[in-house]
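Here are the chains, one letter per residue:
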Amino acid sequence: MKEEEGIVMLVALMDHQYISLTSNYSREQLLQLRKKQKFICPQCKSELQLKIGKVKTPHFAHFRDANCHNLFSEGESETHLLGKLALYDFFKKANKNVVLEPYLATLSQRPDLLVQDRDRTYAIEFQCSTIDLDLVSKRTSGYIQHGIHPYWLLNTSGKYYEETNCTKMISLTKFEQQFILRNGAHSYLLTFHPQTKTFFYYTHLIHFQTNQFIAEIQRLPIQYQTFPFFQPKKMSFSKFLPLIKLYKKRTQAYVENKIYRSTKGVKDILLRSIYELKLNRVEMPIFLGLPTLYAKAMVMVAVEWQTALFYYGRIHQKQVLQFTNYDMKQFLKWLNIDSSDIKIKAVNNYIQLLRELDIEDVNKIIQEQIVFEKLHHHLVAL
């Protein structure tokens, strides 16, 4: 019989009792167990093989003929195995009641870890691969319906695990974006890197375009983590400044790229707006191209639709501050963007910011500090 590497486990039945391949067992002890014992899958009851290689983490593997695919929707990578073991040790050291890979019969689900903390039960899912979001939703709903609090923890992307407390542009896939967490008005993403046993926080996320975000990357070694997991505090203005300055720098680079590389000419809405408004394309007004609430819903970069908003007002001889909901809908239609509620909220929020800054005209001169302070209040304090 040949083993099927795609279906592996860290738990098994041995003499009708559970055995877990945690750090409690040395390699020599496992080698002795393998000589004497027989291991059974807790779910499908078929025989398992204990694999103890010199490189890969010890694990149980199903044989090729085993029919356990319906209970194991994903293959196990070395990173996944390491992550589950590291998190198991973390919860044990934190004196939490933790079970590795328990099978929940009422749900027909098997979380990576089940943690009991006071009067709450948590299902910890260490996610190392992209899976269908419907499956994520189904698992999450199943946990919640049974009074279990689900916590999805992503594996740290190889692009960022060497970063140390810095502000930079990062790329998050649509799948990763589904796991962005919120603490009040500010958002963050928490990941775990099992090889270095380090948590990574991508905090104060500011959406720029499509899959790109401005974020502060912070490392937290596992020995300093708490549970429930630490939640970042609200962003102070001093922390906000480097983020918004990087955002504005990227915005200016985006404008310059449009100017020198766009093949549409004045058919490009940004370039047409700049031309018609007679703006200095090298030094755009500080209030054009600002991150605002709900702006992620817009399919355009902020500087594009915000500059176009003033151009649209100029066409219709109406101040942007006087725009009604009807005007906003017509503006979105003019941009060939659907006028959904969240997109109207995005436009309305930007107009509200302009109103608080008393910006009636695109040629208004205003200090950068004043704009940034008001923007910080909008994004963080609300």
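Residues numbered from 1 in each chain as written. Predicted model: local features only at pLDDT ≥ 70, side-chain atom pairs only at ≥ 80, totals over all residues. Heavy atoms only, no water.

1. As for helix H9 (residues 341–356)
In step 1: With 16 residues, H9 should cover 22 Å at 1.5 Å per step; its first-to-last C-alpha distance of 22 Å lies within 8% of that length.
In step 2: Within the span of H9, buried status applies to Lys343, Ile344, Ala346, Val347, Asn349, Tyr350, Ile351, Leu353 and Leu354.
In step 3: Following H9 by one or two positions, aspartate 358 adopts a phi angle in the positive range, close to 60 degrees. (Helix = DSSP H or I, 4+ residues; strand = E, 2+ residues; numbered from the N terminus. Expected span 1.5 Å × (residues − 1). Buried < 20%, exposed > 50% of the residue type's maximum accessible area, 1.4 Å probe, protein only.)

2. Topic: helix H3 (residues 133–145)
Since there are 3.6 residues in each turn of an α-helix, residues three or four apart along the chain are aligned in direction.
In step 1: Its 13 residues place the ends of H3 18 Å apart at the C-alpha level, agreeing with the 18 Å of an ideal helix rising 1.5 Å per residue.
In step 2: For H3, every residue scored as buried is listed here: Val136, Arg139, Thr140, Gly142 and Tyr143. Relative to the axis of H3, the buried residues are bounded by an arc of 160 degrees and lie together on one face. Along H3, the residues that are exposed and aim more than 90 degrees away from the buried face are Asp134, Lys138, Ile144 and Gln145.
In step 3: Looking at the buried residues of H3, the elements they touch are strand E9 (120–127), strand E10 (148–155) and helix H4 (174–177).
In step 4: Where H3 starts, the residue carrying a side-chain oxygen 2.7 Å from the main-chain nitrogen of aspartate 134 turns out to be aspartate 132.
In step 5: Positive phi appears at glycine 147, one or two residues downstream of H3, with a value of about 75 degrees. (Arc of directions from axis to C-beta. Contact = heavy atoms within 4.5 Å. Polar contact = N/O pair within 3.5 Å; in protein donor to acceptor, adjacent residues only side chain to side chain.)

3. Thoughts on the pattern of salt bridges
In step 1: For the structure on display, the rule yields 11 salt bridges.
In step 2: Residue lysine 96 pairs with aspartate 117 through a salt bridge whose shortest N-O separation is 2.7 Å. Residue lysine 96 is located in the loop between helix H2 (78–93) and strand E7 (97–100), and its partner aspartate 117 is located in strand E8 (residues 113–117); the two are separated by 21 residues in the primary sequence. One exposure class covers both lysine 96 and aspartate 117, and it is buried.
In step 3: Taking the shortest distance from any N to any O, the salt bridge between glutamate 304 and lysine 258 comes out at 3.2 Å. One end of the pair, glutamate 304, is in helix H7 (residues 302–315); the other, lysine 258, is in helix H5 (residues 237–261), with 46 residues separating them in the sequence. We note that glutamate 304, like lysine 258, is buried.
In step 4: Overlapping salt bridges bring together Lys84, Glu101, Arg110 and Asp112 as one network. (Salt bridge = Lys/Arg side-chain N within 4 Å of Asp/Glu carboxyl O.)

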